[in-house]
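As a plain string of letters, each chain reads:
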Amino acid sequence: MPNKLKSHEGVIPEQDWVRARLQGIRDEGLWRELREVDERSGFPEIAGRPVINFSGNDYLGLRRRPELLSAAAKSLNESGSGAGASRLLSGSKRAHADCEAALQDWSGKPALVLGSGYLANQALLSTFAPRDTLLLVDRLAHASLLDGALLSRAEMIRFKHNDLNSLEELLRKARRSKPGKRILVVTESLFSMDGDIAPLREMQSLCLEYAAHLVVDEAHAVGVFGRNGIGLCSEFGIEDEIKYRSATFSKALGSYGGFILVDADARALLVNSARQFIYDTALPPHVCACAAAGLSILSFSPELGPQLREKSAYFRERLHASGVSVGGDAHILPIVLGESEAALKFAAALLERGVLAVAIRPPTVPVGKARIRFSVSLAHSGEQLDQAAAAVVDVIEQTGLSPLEFS
Ligand SMILES: Cc1ncc(COP(=O)(O)O)c(C=O)c1O
């Protein structure tokens, strides 16, 4: 007998509900569509036209390095295509242990690999911030940190972006009203959408003063800052003091998967209680082999991060010299257009000129701060940077769309 849904007064048909949601997204100018970036020729193309890709996170251009490809191929042949189970069942293979050993050699800290950077942040906050903890989270922290905070069910208060006064006020208030409370302060080290750097040293001092602990997501700083590209905690000389750090292999390290750097006890707690670790199939071994090969390149090529910073400074200078207001302290350079529609138009005009720099809109960034976010990579040639800067200036002249002063 066909299964017929009973109708009840006031219950709208499911398809209507979905369509109304879609219409709402359209009405807000937030419609998103997938677009294939074809790299089979070795270079990015969209609909058969070559583009210069400024919307990738392959900051060091490692994704096609032969060291990564051959490590993955070797492991794929040895271990098969998937891990076959979660780590605590039978999915923990030699490649996972090797990758975690490589992380420990590189960073000096015990490490745990997770399925992605997103899962790593969720695991970190849901494990170390149970209900009785207070989370103070930067207002611009990444969705994975916010989702981790929500999942943890801890009380969460946001402080103004990179604002030490706002953070201190919250710490002072919390200590006054809840003297014995556990407090974690959560931030990215290099912000993914504004491209600016958190004042980590000062934040750590505040944490010490108010008996709180700093949680730092180094997703965009790994590979670019610090000794051997360990990140900004290392750059600022505070890596030994930071209890909880997360990052990802999916950006400068050129592959996939997340990781957490903590002490041995905290690692054991993650293994024993993080649902994102326990109930998730282990990363395919060849992905871990690839990730470890990326780490090895970082360890032997300390010049890569500084080279990227130099390239990024060159691009920023080119834009500044043309009067374009651009944000960012390193390789992530946003140009703010304001409304979503303006950012979409700007991105489309850049694409017509062969530059792929996608419009970033709410909720990824605050309302009224839609932008074009340029990610500079070592894979970009100087000529490509010149071409992109010229395209920005041309779009401003031809369309009348004008970037807002970055603040
Ligand atoms: C700051 C930040 N943290 C975490 C993540 C998640 O990393 P992954 O892509 O490995 O899941 C991202 C990715 O976009 C990010 O920007």
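Above: the structure in question.
Residues numbered from 1 in each chain as written. Predicted model: local features only at pLDDT ≥ 70, side-chain atom pairs only at ≥ 80, totals over all residues. Heavy atoms only, no water.

Student: I'd like to hear about the overall build of the protein chain, residue by residue, with values.
Tutor: In terms of helices and strands, the protein chain carries 15 helices and 14 strands. In terms of overall dimensions, the protein chain has C-alpha extents of about 65 × 60 × 60 Å along its principal axes. Relative to its full complement of 407 residues, the protein chain shows a buried share of 51%. Sequence separation of 24 or more characterises 71% of the internal contacts of the protein chain that already satisfy a separation of 6 or more. Within the structure as shown, the protein chain displays about 19,600 Å² of accessible surface, and the carbon and sulfur contribution to it stands at 52%. (Helix = DSSP H or I, 4+ residues; strand = E, 2+ residues; numbered from the N terminus. Buried < 20%, exposed > 50% of the residue type's maximum accessible area, 1.4 Å probe, protein only. Contact = heavy atoms within 4.5 Å. Areas by Shrake-Rupley, 256 points an atom, 1.4 Å probe, with all protein chains shown as cover.)

Student: Before we move on, can you summarise the site of the ligand with the specific residues and values?
Tutor: What surrounds the ligand is a group of 14 residues, the closest being Gly 117, Asp 217, His 220, Thr 248 and Lys 251. Measuring from an oxygen atom of the ligand, one finds a side-chain N or O atom of His 142 at 3.5 Å. Interatomic distance of 2.6 Å between a side-chain N/O atom of His 220 and an oxygen atom of the ligand. Protein contacts shield 85% of the accessible area of the ligand, which totals 390 Å² for the unbound molecule. At three residues, the largest contribution of residues to the shell around the ligand is made by helix H5 (residues 117–128). Taken together, the residues that form the shell around the ligand break down as two nonpolar, nine polar and three charged. (Near = heavy atom within 4 Å. Polar contact = N/O pair within 3.5 Å; in protein donor to acceptor, adjacent residues only side chain to side chain. Nonpolar A, V, L, I, M, F, W, Y, C, P; charged D, E, K, R; others polar.)

Student: How would you summarise the pairing of strand S9 (residues 244–248) if you had to cite specific residues and measurements?
Tutor: Counting buried residues along S9, five of its five residues qualify, which places the element largely inside the surrounding structure. Judged by which residues are buried, S9 turns out to be covered on both faces: Tyr 244, Ser 246 and Thr 248 on one side and Arg 245 and Ala 247 on the other are all buried. One ladder, built from three bridges, connects strand S8 (residues 213–217) with S9; its direction is parallel. Each bridged residue has a counterpart across the sheet, and for Asp 217 the counterpart in S9 is Ser 246. Pairing analysis gives four bridges linking S9 to strand S10 (residues 258–261), with the strands arranged antiparallel. Paired with Arg 245 across the two strands is Leu 261, which belongs to S10. (Pairing = 2+ DSSP bridges.)

Student: Run through the nonpolar core, naming residues and quoting values.
Tutor: By size, the foremost hydrophobic cluster in this structure holds 89 residues, and its most contacted members are Val 185, Phe 315, Leu 350 and Phe 374. At eight residues, the largest contribution of residues to this core is made by helix H12 (residues 285–300). Both of domain 1 (30–59 + 303–399) and domain 2 (66–300) provide at least three residues apiece to this core. In this structure, Phe 374 is in contact with Phe 54, Phe 315, His 331, Ile 332, Leu 333, Ile 335, Leu 350, Val 355, Ala 357 and Val 392, ignoring residues within four places of it in sequence. (Core = buried A, V, L, I, M, F, W, Y, C linked by side-chain atoms within 4.5 Å. Domains from an automatic or database assignment.)

Student: Kindly report on the packing of aromatic side chains, identifying the contributing residues and their values.
Tutor: If you walk through the whole model with that rule in mind, you get six aromatic pairs. A centroid spacing of 6.1 Å and a plane angle of 80° characterise the contact between Trp 106 and Phe 259, whose relative ring orientation is edge-to-face. Of this pair, Trp 106 sits in helix H4 (residues 94–107) while Phe 259 is found in strand S10, placing the two residues 153 residues apart along the sequence. With a relative accessible area of 2%, Trp 106 lands in the buried category. Relative to Phe 259, the ring of Phe 249 has its centre 4.8 Å away and its plane inclined at 45°; by these criteria the two rings are tilted. In this pair, Phe 249 is assigned in the loop between S9 and S10 and Phe 259 in strand S10, connecting sequence segments ten residues apart. (Phe/Tyr/Trp six-rings, centres within 6.5 Å; stacked < 30°, edge-to-face > 60°.)

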